[in-house]
Amino acid sequence: MNLYDLLLAPFAEFDFMRYALASVFCLSLSAAPVGVFLVMRRMSLIGDALSHAVLPGAAVGYMFAGLSLPAMGLGGVAAGMLMALLAGLVSRFTTLKEDANFAAFYLSSLAIGVVLVSKNGSSVDLLHLLFGSVLAVDIPALQLIAAVSTLTLLTLAVIYRPLVLESIDPLFLKSVGGKGGLWHVLFLVLVVMNLVSGFQALGTLMSVGLMMLPAITARLWAKHMGALILLSVLTALLCGLSGLLISYHIEIPSGPAIILCCSVLYLFSVILGKEGGILTKWLKNHRHHTT
């Protein structure tokens, strides 16, 4: 097998591979930067919780309209935003932290979603909602993903400075009259939108992987926001392309293949990462002791 057959032929010969690559490209451009802000704001697990919250809304959309993209998308957005709102309200009026409330709501959401799909659909439908099928992305799904990606990038460009400031020093932003609560809500909307567009391709359980793993990996190599965002996008693109090729050639599900590629890069970075990798820290400590 030559390089053409290995790397280019799948995309040259099959429409579904080109659609899958385009969807991964769009998701990488928008979801990875959102993941960087989740990491910087110490909200990584909240991203995971919101990805599970999408499931019952998508399940309700499925009950009424089958595997309809608009119905499941609207249901997913509504469910994700409802959970974020409820978790915020409970955190405000009780002593529980926001992350604890997100954990409670996401476990409940996951259970409700699985029950709804199991009672009203087949095991194949349940697997599609949970794990997605990036190789089944069609033109309407691709249009949704591209629209969400475009809207996310435009919104991040507008709110970038206050969002960075609120991530680093929310007290200062509050002292100068910044609307920290507004940026927080807008950011959660972007998270939910990207998870909803991602679940069309990767499923509700896997969509958060392309959002978080490239961002976490980038954090082990860079510390400035510009470099973090660029590196996370490149990592997501590389893993998306690699995962699609691996799934095509050895016939494994494409969504998990993409996330496994992200996991391999993460483990590599844990050992060799420039900003906090195990080997890097050991070498620094060794030099410190020898001097």
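Nothing here was measured: the structure is a model prediction, and the numbers come from that model.

Visitor: What exactly am I supposed to notice about a nonpolar patch on the surface here?
Guide: A surface patch of nonpolar side chains, about 750 Å² in accessible area, is lined by Trp-221, Phe-268, Ile-271, Leu-272, Ile-278, Leu-279, Trp-282 and Leu-283. Sorting the residues of the nonpolar patch by element identifies helix H12 (254-272) and helix H13 (278-290) as the ones contributing at least two each. The element that contributes the greatest number of residues to the nonpolar patch is H13, accounting for four residues. In this structure, Leu-279 sits in helix H13.

Visitor: When you look at H12 in this model, what are you seeing that I'm missing?
Guide: Each turn of an α-helix holds 3.6 residues, which means side chains three or four residues apart point in the same direction. When the terminal C-alpha atoms of H12 are compared, their 27 Å separation across 19 residues agrees well with the 27 Å that a helix rising 1.5 Å per residue should span. Regarding H12, the residues found buried are Ser-254, Gly-255, Ala-257, Ile-258, Ile-259, Cys-261, Cys-262 and Ser-269.

Visitor: What should I look at first to understand the state of the cysteines in this one?
Guide: Note on terminology: disulfide describes a covalent bond linking the sulfur atoms of two cysteines. According to the stated counting rule, one finds zero disulfides in the structure shown. With no disulfide of its own, Cys-261 lies 5.8 Å from the sulfur of Cys-239, the closest cysteine sulfur. Using a relative accessible area of 13% as the deciding quantity, one classes Cys-261 as buried.

Visitor: Got a minute to help me understand the packing of aromatic side chains in this structure?
Guide: The relation between two aromatic rings is expressed through the spacing of the ring centres and the mutual angle of the planes. Per the counting criterion, the structure on display carries five aromatic pairs. Cluster of aromatic residues (ring-pair linked, three or more members): Phe-14, Phe-16 and Tyr-248.

Visitor: Where do I start with the UniProt feature "transmembrane region" (unreviewed entry) in the protein chain in this structure?
Guide: The feature "transmembrane region" (unreviewed entry), as annotated in UniProt, sits at residues 20-39, 46-65, 71-90, 102-121, 141-160, 181-199, 229-250 and 256-273 in this numbering. Between the C-alpha atoms that bound residues 71-90 the distance is 28 Å, and the span itself is 100% helix and 0% strand. As annotated, residues 141-160 comprises 100% helix and 0% strand, and the C-alpha atoms at either end are separated by 27 Å.

Visitor: Sorry if this is basic, but what is going on with the nonpolar core here?
Guide: In a soluble, globular protein the nonpolar side chains are often hidden away together inside. Of all hydrophobic cores here, the largest spans 42 residues; its most connected members are Phe-37, Leu-38, Leu-50, Phe-102, Phe-187, Val-191 and Met-211. Breaking this core down by element, the ones donating at least two residues are helix H2 (15-40), helix H3 (44-65), helix H4 (69-93), helix H5 (98-120), helix H7 (139-168), helix H9 (180-202), helix H10 (207-219) and helix H11 (225-250). Per element, the largest residue contribution to this core is nine residues, and it comes from H9. Sequence-distant contacts of Val-191, that is, excluding residues within four places in its chain, are made with Val-34, Leu-38, Leu-50 and Met-211.

Visitor: Quick question: what am I supposed to make of the packing of H3 against H4 here?
Guide: Angle between the axes and distance between the axes are the two parameters that describe a pair of packed helices. Running from amino to carboxyl end, H3 crosses H4 at an angle of 140°, the nearest separation of the two axes being 6 Å. Considering the angle they form, H3 stands oblique to H4. Of the two possible hands of crossing, H3 and H4 adopt the one that is right-handed. Mapping the contact onto sequence places Ala-49, Leu-50, Ala-53, Val-54, Gly-57, Ala-58, Gly-61, Tyr-62 and Ala-65 in H3 and Ala-71, Met-72, Gly-75, Gly-76, Ala-79, Gly-80, Met-83 and Ala-84 in H4. Considered class by class, the residues forming the contact of H3 with H4 number twelve nonpolar, five polar and no charged.

Visitor: What is the right way to read the side chain of Ser-30 from this model?
Guide: Among the structural elements, Ser-30 can be located in helix H2. For Ser-30, a relative accessible area of 1% puts it in the buried group. Those residues within four positions of Ser-30 in sequence are excluded, and the remaining contacts are Ser-149, Thr-152 and Asn-194.

Rules used throughout
Residues numbered from 1 in each chain as written. Predicted model: local features only at pLDDT ≥ 70, side-chain atom pairs only at ≥ 80, totals over all residues. Heavy atoms only, no water. Patch = residues over 30% accessible without salt bridge, like charges linked within 9 Å, V, L, I, M, F, W, Y side chains within 5 Å. Areas by Shrake-Rupley, 256 points an atom, 1.4 Å probe, with all protein chains shown as cover. Salt bridge = Lys/Arg side-chain N within 4 Å of Asp/Glu carboxyl O. Helix = DSSP H or I, 4+ residues; strand = E, 2+ residues; numbered from the N terminus. Expected span 1.5 Å × (residues − 1). Buried < 20%, exposed > 50% of the residue type's maximum accessible area, 1.4 Å probe, protein only. Disulfide = S-S within 2.5 Å. Phe/Tyr/Trp six-rings, centres within 6.5 Å; stacked < 30°, edge-to-face > 60°. UniProt positions renumbered as here; feature names shortened; annotations may be inferred. Core = buried A, V, L, I, M, F, W, Y, C linked by side-chain atoms within 4.5 Å. Contact = heavy atoms within 4.5 Å. Axes fitted to C-alpha atoms, helices over the stretch in contact; angles between N-to-C directions. Parallel < 35°, antiparallel > 145°, perpendicular 65-115°, else oblique. Left-handed = near helix turned anticlockwise from the far one by under 90°. Nonpolar A, V, L, I, M, F, W, Y, C, P; charged D, E, K, R; others polar.

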